[in-house]
Amino acid sequence: MNERTLSYALLVPAFVIVIATTIYPLAYSFVTSFREWDLTKQLRPSGFVGLQNYAHAATESGFQNSLWVTAIFVVTSVILTVVLAMSLALLLRRTGRLHTFTRIILILPFAMSPALIGVSYRFMFNPEFGVLAKGLGAVFPALEGTPWLANPDLAMAILVITDVWHWAPYMTFMCLGGLASVPRETEEAARIDGASNLRIVFGIILPQMKGVLLVTAVLKTIFALKMFDQVVTLTGGGPGTSTETMAFFIFNVGFEWFDMGYASALAWILTIITMVISAWYVRMLLSERKMATA
Amino acid sequence: MNKYIAYWGERALLVLISVVVLFPIGWMFLTAFKKPRDAYSLSLNFEPTVQNFVTVFSDPWNLGSMVLNSVIVAGATVAIAVPCASLAAYSFSRFRVRGRKFLFFLILSTQFIPAVVILLPFFLMFRSLGLLDTRVALIIVNLAIVTPFVIWMIKGFIDAIPTDSEEAAMIDGASRLRVIKDIVLPMAAPGILTSSIFCFILTWNEFMFALILSRRDAVTLPVGLVSFRTERGDLWELMSAAGVMITVPIFIMALLIQKHFTRGMTAGAVK
Amino acid sequence: MAEVRLVDIEKKYGSFLAVPQQSLTIEDGEFLVLLGPSGCGKTTTMRMIAGLEDITAGDIQIAGERVNDKPPKDRDIAMVFQNYGLYPHMTVRQNIEYPLKLRKVNKAERARRVQDTADKVELGTLLDRRPSELSGGQRQRVALARAIVRTPKIFLMDEPLSNLDAKLRVTMRAELKHLHHELGVTTVYVTHDQMEAMTLADRVAVMREGRIVQLDTPKRIYSDPADLFVAGFIGSPSMNLIDGAVQDGRFIAEGMDLPVSLPDRDEVVFGIRPEDLELADGDTPIKGRLYALELTGESTLVTMRAGKTSVCARGHADFEAPINAPCHLAPKTGARFYLFDRATGQRLDG
């Protein structure tokens, strides 16, 4: 076998998997998104209905709501995660026993099942016996008896907190990786030139971290757009529909209402939104890289 | 004086971070060893018991079968995805073949796809194939999630290995396949192991697919958590015991790869 | 043992021409050094011989056989890499043994040859260590042992000494030379270090921008450089190259006035080696002020400046004078000097 054939042959098994488990289902759901298919009434899809499912999405209030919920969730969780991760990385890059210990345990939140995170925060914010609800009430008496997860804004805030708790440590590792490639010399030169710590961070380190921070932001955005697990186990989408993210809403359309056509159309809208945002990030990243190499 | 404040301030901050990270985990572990009565009090003064673990492993919860399902699904997914991904990653890393960039981009872009979009067709397909509530179904969908990611990760590791040793082996008389077996695999082993553990963690924690594709026989641990929500309310002490069962093996694995973690993650991303 | 012929070979990366069309024959048993600055195509040329890079056009023949389409493993070559290319997961013994294993040499024979080779490069006691437990020089020896454990038709060495410290480099250089003498295998050696090239080579091919600009014995490369580039590249300290003009049969530059046999022209570069200059008194053709003195041990490097002209001469180790003192230099009797066209670099004399 020559090198060329081999190079393609090595790709075959992986591509069989990707085609069978991703490309084919994608095509399947794309086709379904143009059909009417109510699983409670019919076992097989009936005829094509053109863009009707997509048109429905434009007017339906449940979906509009989920768009809004997702937007708020994505923006807050991405900003908080990236800022926190970068700050933690700056704090943790030094050596020291406490630093090392903190770095090691930071891997735990990432390894924890998101569904379980939702469950445990639900437990801790239970107004009657939740340790955080009670603890906050003890420190700030005004907060005593706050029905945390029954308040739409607070429920959203807690959802964001669980997500940041889950992802910020992981993103900290990415930032630490990026910091490791920032040459120490520039920082030391600036220090000798008399720059303050704050100046070094904002003037020397952060500009060199732009690429890494962008990558972190892209990944976090993609993950946030998929938010599902904690919605199920923490809030159940409530109170009301105040934490129904798109993934959760689509899931309900598919598996509570069994409207496969509409659910497929919504899933494709989410896919396209994700793609557009990713493409936008990639363009920023490319121009950033061009500037870095120029 | 300023230096003194900075020194202790930094340490106080680190302690605070550790507390924020460890508290929810620690509280779950404590609750798992509390009697139901104690679970609803905040007292740290309780008589520890393993009764909760006994309960979750017996009828009607049967956590044992969920553990088995989780182990089989995650294990099989790793066993299929990692070898296939390693070969592809090697090809992407070392050959300058036509269309390589496009194919790699195709693989990567599948990572941007929200899982829910392929969940619907999988549900429909498995329903007509009679595969609902089977481990096979869960393995197939997990492959979809994990494979592109593992290719990307292992490619990062292989990219970081200098090509010198491989070229030396080719000149010493080894064929390309022999080079892969004798040189690349042993050298990439730490990276492949890290990726395998990563892949195991992702599959082990996977929730959405398992929630809809399993009902009774193939239920995995994260979905099992939901079953502790009963008409009598949430059974926190049992949930916590189950949570401990979910986290302990994963925490051990995660701590094992902690050192390689940053490298693997950023190798592909940052370069 | 074999002769290597590169016939009209060419290498392109996309539209970038790395090595333009050219030919080169390496004689049987010869030690040929490819010398040039980084990025000059010397490593690419060697990798084409090895089969690690495809050639875009032309033919490569080893021992009369065309090997263009043969993978590296079938070319019967051995190579020592700049970063050694050791197998980090194998012991020294396994590293050296690997090429024999691939050739299905039986176990007893393998053990014997590994031991012989290891003894030859003084690794006999380190056979059970891993590369990570060895020093740079020892790693270098393992790479060498792995190459010589079988008797290939050709040795290829890609900057094998560049990762060693200066002292070790000199020792290893002598060992390589001795080894080549002993084994007599055709060797192609890539380096950017002109000292290595001069000391090791039977012939040196000086490369620049992908092209071989001069192919000759070290002696002739030194005494008769083909152009300005080779002149400046060979020799340490390097040849003095002074911009000036020829008027009425004399080379004129700031602080310089010297008879030459060349018709009048501007834009001339005058070259003379520091070894060919001596300190003199009175009215010498090169005059200026002392700029720096560097004692090297066996001699003192005297740098003189006059306006833009800077000239270095190798003087006696005992020479001493205050900086900025007037300085007079003259060519030694029988000294060689060279004249080049400044724009093209071509030799104008001889």
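Residues numbered from 1 in each chain as written. Chains lettered and ligands numbered in written order. Predicted model: local features only at pLDDT ≥ 70, side-chain atom pairs only at ≥ 80, totals over all residues. Heavy atoms only, no water.

## Remarks on the confidence of the model for chain B
Then comes step 1: For chain B, per-residue confidence averages 86 on the pLDDT scale, and 95% of positions sit at 70 or higher.
Then comes step 2: Across residues 266-271 of chain B, confidence stays below pLDDT 50; counting only partners more than four residues off in sequence or on other chains, it has 15 contacts. (pLDDT = per-residue confidence, 0-100. Contact = heavy atoms within 4.5 Å.)

## Looking at empty space enclosed by the protein
Then comes step 1: Per the counting criterion, the structure on display carries 5 cavities of 30 Å³ or more.
Then comes step 2: Roughly 840 Å³ of volume is contained in the largest cavity.
Then comes step 3: What lines the largest cavity is a set of 39 residues, and nearest its centre among them are W167(A), F223(A), K226(A), I145(B) and L202(B).
Then comes step 4: If you list the elements that add at least two residues to the lining of the largest cavity, you get α9 (152-180), α11 (197-225) and α12 (229-235) of chain A together with α6 (115-129), α7 (135-159), α9 (176-205) and α10 (208-213) of chain B.
Then comes step 5: The element that contributes the greatest number of residues to the lining of the largest cavity is α7(B), accounting for 6 residues. (1 Å grid on protein atoms, 1.4 Å probe; cavity = no way out; pocket = protein on both sides within 12 Å on 5 of 7 lines; lining within 4 Å. Points joined across faces, edges and corners; volume = space filled by probe spheres on them. Helix = DSSP H or I, 4+ residues; strand = E, 2+ residues; numbered from the N terminus.)

## Some details on helix α4 (residues 136-148) of chain C
Then comes step 1: Counted at 1.5 Å a residue, the expected span for α4(C) with its 13 residues is 18 Å, and the 19 Å between its end C-alpha atoms agrees.
Then comes step 2: Counting buried positions along α4(C) yields 10 of 13 residues, so the element is predominantly enclosed.
Then comes step 3: Inspection of α4(C) places G137(C), Q140(C), R141(C), V142(C), A143(C), L144(C), A145(C), R146(C), A147(C) and I148(C) among the buried residues, and these make up the whole buried set.
Then comes step 4: For α4(C), the elements touching its buried residues are α8 (164-172) of chain B together with β6 (77-80), α2 (92-102), α3 (107-120), β7 (154-158) and α5 (166-183) of chain C. (Expected span 1.5 Å × (residues − 1). Buried < 20%, exposed > 50% of the residue type's maximum accessible area, 1.4 Å probe, protein only.)

## Observations regarding the pattern of salt bridges
Residue and element names in this part refer to chain C.
Then comes step 1: Throughout the structure, instances matching the rule amount to 43 salt bridges over all chains.
Then comes step 2: A salt bridge links R113 to E109, with the nearest nitrogen and oxygen atoms 3.6 Å apart. Residue R113 and its partner E109 are both found in helix α3; the two are separated by 4 residues, about one turn of the helix.
Then comes step 3: Note on R113: relative accessible area 22%, which makes it partly exposed.
Then comes step 4: Classification of E109 by relative accessible area gives partly exposed; the value is 26%.
Then comes step 5: Here the salt bridges do not stand alone but share partners, grouping D216, R220, D224, R347 and D349 into one network. (Salt bridge = Lys/Arg side-chain N within 4 Å of Asp/Glu carboxyl O.)

## So, unusual backbone geometry
The phi torsion of most residues other than glycine is negative, and most of the peptide bonds are trans.
Then comes step 1: Here S236(C) and P237(C) are connected by a cis peptide whose omega angle stands at -5°.
Then comes step 2: If you check the backbone angles, N62(B) has positive phi at about 50° while not being a glycine.
Then comes step 3: In this fold, N62(B) is placed in the loop between α3 (51-56) and α4 (63-94).
Then comes step 4: Among the residues examined, N62(B) registers a relative accessible area of 31% and is labelled partly exposed.
Then comes step 5: Its identity as a non-glycine residue notwithstanding, A63(C) has a phi of 50°, on the positive side.
Then comes step 6: Tracing the backbone through its elements, the reader meets A63(C) in the loop between β4 (57-62) and β5 (65-66).

## Some points on the interface of chain C and chain B
Then comes step 1: Each partner contributes residues to the interface: chain C has 25 residues there, and chain B has 17 residues.
Then comes step 2: Here chain C packs against chain B, burying approximately 1,700 Å² in sum over the two surfaces, 59% of which is carbon and sulfur.
Then comes step 3: If you look at where chain C meets chain B, you find 3 salt bridges.
Then comes step 4: The salt bridge partner of D172(B) is R146(C), with a shortest N-O separation of 3.5 Å.
Then comes step 5: For the pair chain C and chain B, the number of links is 9 residue pairs in polar contact (both at pLDDT 80 or more).
Then comes step 6: Only α1 (42-50), β6 and α2 of chain C provide two or more residues apiece to the side of chain C that touches chain B.
Then comes step 7: Here the side of chain C that touches chain B is composed, by residue class, of 16 nonpolar, 3 polar and 6 charged. (Buried area = accessible area lost by both parts, 1.4 Å probe. Polar contact = N/O pair within 3.5 Å; in protein donor to acceptor, adjacent residues only side chain to side chain. Nonpolar A, V, L, I, M, F, W, Y, C, P; charged D, E, K, R; others polar.)

## Brief notes about the layout of surface pockets
Then comes step 1: By volume, the largest pocket is sized at about 1,400 Å³.
Then comes step 2: Contributing to the lining of the largest pocket are 40 residues, with E3(A), F95(B), R176(B), L52(C) and D54(C) lying nearest its centre.
Then comes step 3: With 4 residues, the single largest contributor to the lining of the largest pocket is helix α1 (residues 3-9) of chain A.
Then comes step 4: Residues of the lining of the largest pocket, tallied by class, amount to 14 nonpolar, 8 polar and 18 charged.

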